[in-house]
Amino acid sequence: MMEIEISKIKWGSRTRADYGNIQELSTSIQNLGLLQPIVLDEDDTLLAGGRRVTACILLKKTHIPFMRISDLSPLQKFEVELEENVRRKNFTWDEEVKLKKTIIDLKTTLHPDWTVTKITEETASMFNQSIRTVQRDISLANALEKNPDLVKEKEKHTAISKVKRISDIKMREISIATSAPISNDIKMGDAKELIKDIPDKSIDLILFDPPFGVDYTNEERLKSYTTIYGELKDNPDDIYKLNEEIIKHFPRIMKSTAHCYIFCASSTLLKYNLYHLFSNYLTVPPQFLFWKKQSGDNKNPFFRFTINYEPFFFAYLNEPKRLNGYHTAIFNHNALSSSSKNHPAEKPISLYRELIELSSIKGEVVFDPMMGSGNSLVAAKQLGRRIIGFESVKEWYDLSSYNLINTKEEL
């Protein structure tokens, strides 16, 4: 094998300042010798092997084995060309990950005695990146081969997020296909008791919209309803206890990746610190979500701001599954008009559909402990989810049953 005096090597246009863990390579060369010679052109300009030269300089070596580019096999020349491309070209993210995969595949062919770790380290050094980054990009390149539409993503990080979401959804679809089926099930009765019969780790999404504890039943505009919450008193103390009696079961019945949305009133939220209550049982990010609706009633418009929103929380156990899309904290949906409401606290199906589509996939189980008009489960049924719901007031149970009987899954 030919050798050249290191001081005579021309570095050319190489600009890389950081060659990674040179000390480790130096130790390997000291113990095993230089297993792969560097590559020079006819003018002694370095084409491949910058790390090896640097390691030999660290070892105070004066000479180093080399090969001329003209002596290389076609595959070896291609390897050098790839390394030159890495140094000289600005890549789009998809070009970069494809190139890394090509280099990994080529080095695997050229150096069958090298370990996967060594090949990855060499490739990471070429790009002046961490091994973890290269491993992530190889996974992304493999995903690109299976899903070419990923190239439409403008940024690499959004493509990576999309791949992870696709993977999450596939794993959940497998789980649905292999799990014991849970039939659609709505029951009339006290949610505090009925919830005890729900199997452990069986729920994928909870939509919880309890009474708000704002003495709703005494509002004049609601006198036309024969009942609202049945025997339940809509005062803050009773509703706080009710919330806790139901929410304390959520950690048991939720799958480890399940999501939960909890609605509340801004007045009781602040006065009774509902965030603290919810956080006793679930992981609740310190962020309000808001259902923004058209302007609400305001009997004193010059003394208070018109409230055109309802706050709610997003919650989970420890490590939730990814949301199925991007969304701000604002959900814009018109409230139902008084004339179109069948239940005084009825929320629009469109709001529930959006939450369900963000936090579940077809075949997963959606649970509403206090379903009222049943709109939450109507939305879930339309979207092909399995449903479980409870309602203690017969009038609203009958309404929910009617609405669900007349709802078909969308094709």
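Residues numbered from 1 in each chain as written. Predicted model: local features only at pLDDT ≥ 70, side-chain atom pairs only at ≥ 80, totals over all residues. Heavy atoms only, no water.

Asks: For the confidence of the model for the protein, give the residues involved together with the corresponding values.
Replies: On average, the protein scores 83 in pLDDT, and the residues at 70 or more come to 86%. The model gives residues 220-226 a pLDDT under 50, and that stretch makes 13 contacts with residues more than four places away or in other chains. (pLDDT = per-residue confidence, 0-100. Contact = heavy atoms within 4.5 Å.)

Asks: Can you explain the sheet that holds strand β9 (residues 309-316)? Please cite residues and give values.
Replies: Each strand in a sheet pairs with its neighbour through backbone hydrogen bonds, running either in the same direction (parallel) or in the opposite one (antiparallel). Pairing is mixed in the open sheet, where 8 strands are placed in the order β5-β12-β11-β6-β7-β9-β8-β10. Either end of the sheet is taken by a strand with one partner, and the two such strands are β5 (185-188) and β10 (330-332). The average angle at which neighbouring strand axes cross in this sheet is 15 degrees, direction not considered. One ladder, built from 5 bridges, connects strand β7 (residues 254-263) with β9; its direction is antiparallel. Directly across from Ile262, in β9, lies its bridge partner Phe313. (Pairing = 2+ DSSP bridges. Helix = DSSP H or I, 4+ residues; strand = E, 2+ residues; numbered from the N terminus. Axes fitted to C-alpha atoms, helices over the stretch in contact; angles between N-to-C directions.)

Asks: Tell me what's going on with the sheet that holds strand β2 (residues 38-40), and back it up with residues and numbers.
Replies: Strand order in the open sheet made by the 4 strands is β1-β4-β2-β3, with mixed pairing throughout. Lying at the two open borders of the sheet, with one neighbouring strand each, are β1 (3-5) and β3 (46-48). Averaged over all neighbouring strand pairs, the angle between strand axes comes to 55 degrees, with direction disregarded. Summarising the sheet, β2 and β3 pair through 2 bridges and their orientation is antiparallel. Among the inter-strand pairings, Leu40 is bridged to a residue of β3, identified as Leu46. Across the sheet, helix α2 (residues 50-58) lies against β2, β3 and β4 (63-68), angled at about 115 degrees from β3, the strand it touches most.

Asks: With reference to specific residues and values, describe α2.
Replies: Burial in α2 covers these residues: Gly50, Arg51, Arg52, Val53, Ala55 and Cys56. Packed against the buried residues of α2 are α1 (22-32), β2, β3, β4 and α5 (116-127). Count one or two residues on from α2 and you reach Lys60, which has phi positive near 65 degrees. (Buried < 20%, exposed > 50% of the residue type's maximum accessible area, 1.4 Å probe, protein only.)

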